[in-house]
Amino acid sequence: MAGDVSFDVVSDFDEQELRNALDQVRREVTQRYDFKGVTVDLDQGKDELTLVTDDESKAAAVKDLIESKAIKRNLSLKIFDWGKVEPAGGNKVRQVIKLRKGLPDDVAKRITKLIRDEVPKAKSQIQGDAVRVSSKSKDDLQKVIVRLRELDEVVPLQFENYR
C-alpha cells in the first residue's frame, strides 16, 4: 500500500463565498427600483436558505439574482435545490432552497461502479460522503479525474487530497 497514490472525490462549496453572494443579493435588492417597497427576507440556515417575498414573480427575480451572484463567486448552481414557492400567510410567499453538500449514496455508488468498469487498476471506496480513489499509477488517477469531469451529476464534484 506504500506505493499507492490517491485522491478524494467530494461535493462541497465555500460557505463564506455563499454568504458573500447572499449579502450582495440583499444589497442589490435594497437598491433596485423594481424591488421598491417589496419585502425580501433571505435567511441562511445550516443546510438551507429561506426566501420570503411578496409574490412568485419577485421570488423568480431573487432566484435569478442569487444564481448570477453565485456564478460570479465561482459557486456551482448544482448546490441549490430550489423548492416550491408556497404561500406563507400575510400575502407573502416562501421558498425553501436546500443546499447540497456531500455525495449522496446513489451518486457515490455510481461513481465507484464507473471507476470499477472503466479503470480496473484504480480502486475506489466510499468513505462517508466522499469516495477515495487509489492506484499505483498516477496516470490511472488522471484518467479517473478526466472521466469524472465528463459526468453530469446532480452535485458538483471536486477532487481533493491528491497524494
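The present account deals with the structure reproduced in this document.

1. Details of the pairing of strand 1 (residues 5-10)
(1) Moving on: With respect to burial, strand 1 is a largely interior element, six of its six residues being buried.
(2) Moving on: Every second residue of strand 1 is oriented toward a common face, with Val5, Phe7 and Val9 on one face and Ser6, Asp8 and Val10 on the other, all of them buried.
(3) Moving on: Pairing of strand 1 with strand 8 (residues 158-160) involves three bridges; the strand directions are antiparallel. Looking across to strand 8, one finds that Asp8 is bridged to Glu160.

2. Notes on unusual backbone geometry
(1) Moving on: Positive phi, normally seen in glycine, also occurs at Asn74, with a value near 60°.
(2) Moving on: Structurally, the position occupied by Asn74 is in the loop between helix 2 (56-72) and strand 4 (80-87).
(3) Moving on: Classification of Asn74 by relative accessible area gives exposed; the value is 74%.
(4) Moving on: Of note in the backbone geometry, Asn91 takes a positive phi value of approximately 55° without being a glycine.
(5) Moving on: Relative to the helices and strands, Asn91 is located in the loop between strand 4 and strand 5 (93-99).

3. Section: the packing of helix 1 (residues 15-31) against helix 2
(1) Moving on: Packing of helix 1 against helix 2 leaves a shortest axis separation of 9 Å and a crossing angle of 135°. With respect to each other, helix 1 and helix 2 are oriented oblique. The two elements helix 1 and helix 2 meet at a crossing, and its hand is right-handed. Contact residues: Ala21, Leu22, Gln24, Val25, Glu28 and Val29 in helix 1; Val62, Leu65, Ile66, Lys69 and Ala70 in helix 2.

Rules used throughout
- Residues numbered from 1 in each chain as written.
- Predicted model: local features only at pLDDT ≥ 70, side-chain atom pairs only at ≥ 80, totals over all residues.
- Heavy atoms only, no water.
- Buried < 20%, exposed > 50% of the residue type's maximum accessible area, 1.4 Å probe, protein only.
- Helix = DSSP H or I, 4+ residues; strand = E, 2+ residues; numbered from the N terminus.
- Pairing = 2+ DSSP bridges.
- Axes fitted to C-alpha atoms, helices over the stretch in contact; angles between N-to-C directions.
- Parallel < 35°, antiparallel > 145°, perpendicular 65-115°, else oblique.
- Left-handed = near helix turned anticlockwise from the far one by under 90°.
- Contact = heavy atoms within 4.5 Å.

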